[in-house]
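# Architecture and fold: a report
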Amino acid sequence: FAFLAPWRFASLVCRLHEPRERWPCRVSTAALSDMADLNSTLRVLRGELLPLINSIAKEPDLVKAWCDGQGIPSQVEHYSSDALREHRWLERSLRSKMDLLPTELAENI
């Protein structure tokens with residue numbers, strides 16, 4: 001590992017010798033980066049879902065069934081894409097980072 005990427009080893013040694021007070025700063029920086037990625041993925045996801053929802057909105061029977069609470073149309077319920085999988089992964093990653101932070105800092109992020 002150290003032979004293939006010596007800069008990563010040097011970074012690891014520096015992180016291990018950092019003061020403990022610096023850890024929340026490092027985690028919050030990573031969490032903010034995840035939030036930026038999450039926002040861009042959400043924009044892509046909206047762009048993919050909007051035409052699907054518009055096409056469903058043009059079918060009166062599906063809209064009536066959806067509004068009456070008879071269930072979500074199968075096109076929406078079984079929707080899957082790379083953007084949706086990435087969004088879910090980023091959300092889990094962000095939540096795990098927020099759990100590592102002190103409560104007062106996590107609330108402000």
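Residues numbered from 1 in each chain as written. Predicted model: local features only at pLDDT ≥ 70, side-chain atom pairs only at ≥ 80, totals over all residues. Heavy atoms only, no water.

## Some words on the overall build of the chain
- For the chain, the helix and strand inventory stands at six helices and zero strands.
- On C-alpha atoms alone, the chain measures out to a radius of gyration of 21 Å, which is more than a quarter above the 13 Å that the 2.2 N^0.38 rule sets for 109 residues.
- In terms of its C-alpha atoms, the chain occupies a principal-axis envelope of roughly 65 × 35 × 20 Å.
- Look at the contacts in the chain between residues 6 or more apart in sequence, and 65% of them connect residues 24 or more apart.
- Counting only carbon and sulfur atoms, one obtains 59% of the accessible surface of the chain, whose full area is about 8500 Å². (Helix = DSSP H or I, 4+ residues; strand = E, 2+ residues; numbered from the N terminus. Rg over C-alpha atoms; globule rule 2.2 N^0.38 Å. Contact = heavy atoms within 4.5 Å. Areas by Shrake-Rupley, 256 points an atom, 1.4 Å probe, with all protein chains shown as cover.)

## Let's talk about the pattern of salt bridges
- Overall, the coordinates contain six salt bridges when judged by the stated rule.
- Residues Glu 18 and Arg 22 are paired through a salt bridge, measuring 3.5 Å at the closest nitrogen-oxygen approach.
- Taking the relative accessible area as the measure of exposure, Glu 18 reaches 23% and is therefore partly exposed.
- Using a relative accessible area of 44% as the deciding quantity, one classes Arg 22 as partly exposed. (Salt bridge = Lys/Arg side-chain N within 4 Å of Asp/Glu carboxyl O. Buried < 20%, exposed > 50% of the residue type's maximum accessible area, 1.4 Å probe, protein only.)

## As for the nonpolar core
- Counting eight residues, the largest nonpolar core consists of Val 27, Ala 31, Leu 38, Leu 90, Leu 94, Met 98, Leu 101 and Ala 106.
- Of all the elements in the fold, those that place two or more residues in this core are helix 2 (23-57) and helix 5 (82-100).
- Judged by nonpolar contacts, the second largest core, of six residues, contains Leu 45, Leu 52, Ile 56 and Ala 83. (Core = buried A, V, L, I, M, F, W, Y, C linked by side-chain atoms within 4.5 Å.)

## Points about the side chain of Asp 34
- Turning to its location among the elements, Asp 34 is positioned in helix 2.
- Separated by 2.7 Å, the side chains of Asp 34 and Lys 97 make a polar contact.
- Setting aside its immediate chain neighbours within four residues, Asp 34 contacts Leu 90, Ser 93, Leu 94 and Lys 97. (Polar contact = N/O pair within 3.5 Å; in protein donor to acceptor, adjacent residues only side chain to side chain.)

## Here we look at helix 3 (residues 60-67)
- Among the eight residues that make up helix 3, zero are buried, leaving the element largely open to the surroundings.
- A positive phi of about 80° marks Gly 69, the residue just after helix 3.

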